[in-house]
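# Examination of the molecular architecture
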Protein chains: 2
Amino acid sequence: MERKGMNALVGAIEAGGTKFVCAVGTSPQDLTRTQFATGDNPDTLFSAVTNWFVEQQRLRGMLQAIGIGSFGPVDLDKGSPTYGYITSTPKAGWSNTNIHGAVKRVFPHIPVAIDTDVNGAALGEYYWGNAVGLHDFVYITIGTGIGAGGMAGGQLLHGLVHPEMGHILLPRIPGDTFAGVCPFHGGCWEGLCSGPALLARSGMSAELLPAEHEAWEMETQYIASAIATIVCVLSPRRVIIGGSVRKGGQLGSDRFFQMIREKVQLVLHEYIVSPALHEEIGGYIVPPLLGDDAGVCGAIALAQQAAA
Amino acid sequence: MERKGMNALVGAIEAGGTKFVCAVGTSPQDLTRTQFATGDNPDTLFSAVTNWFVEQQRLRGMLQAIGIGSFGPVDLDKGSPTYGYITSTPKAGWSNTNIHGAVKRVFPHIPVAIDTDVNGAALGEYYWGNAVGLHDFVYITIGTGIGAGGMAGGQLLHGLVHPEMGHILLPRIPGDTFAGVCPFHGGCWEGLCSGPALLARSGMSAELLPAEHEAWEMETQYIASAIATIVCVLSPRRVIIGGSVRKGGQLGSDRFFQMIREKVQLVLHEYIVSPALHEEIGGYIVPPLLGDDAGVCGAIALAQQAAA
């Protein structure tokens, strides 16, 4: 996959459960942006969003495409009658919402691309960040939930639906009796390690949790266990971890990543022989180069790919 | 990916830890084949194998390519000085063996393709079996070890090294204290569910284990747990299970697959919404259409792809 359509003027929507970040521009260095609370009335929100793009188009010129990186689950099957819908979300007001159609209706003459927020962020890192030149990598976000996207063989991961890596089951740390917070699976990865899970386990948010609290030890152990599983299943050339929790709160991002790297090596136990998993692991498990902008830049990248 | 080079006359090597199955032909219906014990002297074996292909070429005509589906780990990085080597295997005599070079030396003028045995078997199912038309699927083998290959976006899974799905860690069934047989990870998937693991747990091989033995319950539970993880990470459109254990011994293949399908649904707990995982799960988790020939036919497919 080439980095197609670079420098095209496009629109971008990072559609999250809390807010929609919208931007217009040609690259991460050239973004006009705004944001809207997601709320529980999609129609009202879609009007505000599309009005903003119409206004930006008047100011900056014709958009060549719009990209949407959306919370999910999203129907990405182009042959499906509900293509571009957010489907079975428990989020109030949002079940079976045609997000792609709402944008396409106002911009019928340009491509409107949609993918998961994490595939969008992965594509952003592929265009401008820590995945440039890599055809096999994973982008994980750990925040309100846990999700992941990425590429295999230079193509974004899709398949039957799209990956739902946050819901893999992990072996329990002996003695850990925390039930987990996932309404579907209890103690799946998301149930054990999302921001709300960390809060439920420790009584404190990641930002306030002291560096020496044992919850960090467990948090990084389960994340390492999940990454080891992903390495065994997908054999990525790099693992990028974004989202709020990876900032490590009082622990700090550097120590947070270092703990994960060490634990991944312990879990894999030298079975997979590659410098990337040994002396070069510091460059193997990394934060996004685009930082908190990975999502919105990813939606720009989705649009530019569609415009090309 | 198209099914390239179909009907080309090619050679195939299914390189296993116990035997090398070799074949010459144009399709699964047209194979001349033989086999050799793997042994602990690769050079002797390679001479016998290549002599057989030279003889077959004299009888059937010029081969257009040779494909190798090999036990691993195999170095598949074409830029590596050890490309085409079996690398860190514990198998006596086989560590750092240039299997690709041994064939290429005798057949320097035709393409010699190499991939993992499971990616080969996956490609065989893609050409002629249960993965025709699918661009995202997984092929698992459960026998002496557990391995898996497959496609994402129409390309065979490669990445940093190649998938090592047999070594993912799984949550323990409460009360199960079996240590597992993997020398690296103890109770990883392979450590809990390979043929030798089933033997160590029950004292009986899969062929002799009575249908009502609780080891089948555990075996299918862990396999289901692993498949649920693979579904969350890769979102395949189908999961094919080959190898000897999936025949289910006294339990029978039908019951074995049925138990796995039911348990996969319980593990996923209706989180991923797709007919494939609900009413159509009977067609989602299936044995290979090529049966025990998936491996050798896969090596034929690898060769035909390279010949195209």
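Residues numbered from 1 in each chain as written. Chains lettered and ligands numbered in written order. Predicted model: local features only at pLDDT ≥ 70, side-chain atom pairs only at ≥ 80, totals over all residues. Heavy atoms only, no water.

## A look at the domain arrangement of chain A
Residues and elements named next belong to chain A.
- Under the domain assignment, chain A is made up of domain 1 (10-116 + 292-307) and domain 2 (130-287).
- Taking the mean C-alpha position of each, domain 1 and domain 2 sit 27 Å from one another.
- Contacts between the two partners involve eight residues from domain 1 and, on the opposite side, eight residues from domain 2.
- With both chains or domains summed, domain 1 and domain 2 bury close to 640 Å², and 51% of this area falls on carbon and sulfur atoms.
- The shortest N-O distance in the salt bridge between Lys-247 and Asp-292 comes to 2.7 Å.
- Counting across the interface, domain 1 meets domain 2 through four residue pairs in polar contact (both at pLDDT 80 or more).
- Taken together, the elements giving at least two residues each to the side of domain 1 that touches domain 2 come down to strand E7 (112-116) and helix H8 (294-307). (Domains from an automatic or database assignment. Contact = heavy atoms within 4.5 Å. Buried area = accessible area lost by both parts, 1.4 Å probe. Salt bridge = Lys/Arg side-chain N within 4 Å of Asp/Glu carboxyl O. Polar contact = N/O pair within 3.5 Å; in protein donor to acceptor, adjacent residues only side chain to side chain. Helix = DSSP H or I, 4+ residues; strand = E, 2+ residues; numbered from the N terminus.)

## Observations regarding H8(A)
Residues and elements named next belong to chain A.
- Between its terminal C-alpha atoms H8 stretches 20 Å, which fits the 20 Å expected from 14 residues at 1.5 Å a residue.
- Counting buried positions along H8 yields eleven of 14 residues, so the element is predominantly enclosed.
- All of the buried residues in H8 are Ala-294, Gly-295, Val-296, Cys-297, Gly-298, Ala-299, Ile-300, Ala-301, Leu-302, Ala-303 and Gln-304. (Expected span 1.5 Å × (residues − 1). Buried < 20%, exposed > 50% of the residue type's maximum accessible area, 1.4 Å probe, protein only.)

## Side note on the nonpolar core
- Within the largest apolar cluster, 105 residues are counted, with the highest numbers of intra-cluster contacts made by Trp189(A) and Trp189(B).
- Other than its neighbours up to four places away in sequence, Trp189(A) contacts Ile140(A), Ile142(A), Ile146(A), Met165(A), Gly166(A), Ile168(A), Leu170(A), Ser194(A), Tyr222(A), Ile223(A), Ala226(A) and Ile230(A). (Core = buried A, V, L, I, M, F, W, Y, C linked by side-chain atoms within 4.5 Å.)

## Concerning the packing of aromatic side chains
All names here are of chain A.
- Per the counting criterion, the structure on display carries 22 aromatic pairs over all chains.
- A centroid spacing of 6.5 Å and a plane angle of 5° characterise the contact between Tyr-126 and Phe-137, whose relative ring orientation is stacked. Of this pair, Tyr-126 sits in helix H3 (residues 117-128) while Phe-137 sits in strand E8 (residues 137-142), and the two are eleven residues apart along the sequence.
- You can call Tyr-126 buried: its relative accessible area is 3%.
- The buried category is assigned to Phe-137, whose relative accessible area is 0%. (Phe/Tyr/Trp six-rings, centres within 6.5 Å; stacked < 30°, edge-to-face > 60°.)

## Let's talk about the pairing of strand E7 (residues 112-116) of chain B
Residues and elements named next belong to chain B.
- Of all five residues making up E7, five are buried, and the element is well covered by its neighbours.
- Across five bridges, strand E4 (residues 66-70) lies against E7 in parallel orientation. Across the sheet, Ser-70 pairs through a bridge with Thr-116, a residue of E7. (Pairing = 2+ DSSP bridges.)

## Some details on the packing of helix H5 (residues 195-202) of chain A against helix H6 (residues 214-234) of chain A
Residue and element names in this part refer to chain A.
- Axis separation between H5 and H6 bottoms out at 11 Å; the angle between their running directions is 145°. You can see that H5 and H6 cross each other, and the crossing is right-handed. Listed contacts from H6 to Leu-198, Arg-201 and Ser-202 of H5 are Ala-215, Trp-216, Met-218, Glu-219 and Tyr-222.
- The class makeup of the residues in the contact of H5 with H6 is five nonpolar, one polar and two charged. (Axes fitted to C-alpha atoms, helices over the stretch in contact; angles between N-to-C directions. Left-handed = near helix turned anticlockwise from the far one by under 90°. Nonpolar A, V, L, I, M, F, W, Y, C, P; charged D, E, K, R; others polar.)

## Brief notes about the relation of the copies chain A and chain B
- Superposing chain A onto chain B takes a rotation of 180° plus a shift of 0.0 Å along the axis, which leaves an RMSD of 0.0 Å. Interpreted geometrically, this transformation is the action of a two-fold axis. For chain A, the smallest separation between a C-alpha atom and the rotation axis is recorded for Pro171(A), amounting to 1.9 Å. (Least-squares fit on C-alpha atoms with pLDDT ≥ 70 in both.)

## Observations regarding the interface of chain A and chain B
- Taken together, the contact between chain A and chain B spans 40 residues of the former and 40 residues of the latter.
- Of the roughly 3,700 Å² buried at the junction of chain A and chain B (both faces included), carbon and sulfur atoms supply 64%.
- At the surface where chain A touches chain B, the tally comes to zero salt bridges.
- Across the contact surface, chain A and chain B share 22 residue pairs in polar contact (both at pLDDT 80 or more).
- Of all the secondary-structure elements, those providing two or more residues to the side of chain A that touches chain B are H6 and helix H7 (253-268) of chain A.

## Structural notes on the sheet that holds strand E3 (residues 30-37) of chain B
Residues and elements named next belong to chain B.
- The five strands are arranged E3-E2-E1-E4-E7 in an open sheet whose pairing can be described as mixed. Taken across any chain shown, the strands that pair with only one partner, and hence form the sheet edges, are E3 and E7. Adjacent strand axes in the sheet meet at a mean angle of 15° when their direction is disregarded.
- Strand direction decides the pairing type here: strand E1 (residues 10-15) and strand E2 (residues 19-27), joined by six bridges, are antiparallel. Following the sheet pairing, Ala-12 is matched in E2 by Ala-23.
- This element, helix H1 (residues 42-60), spans E1, E2, E3 and E4 of the sheet and lies at about 20° to E2.

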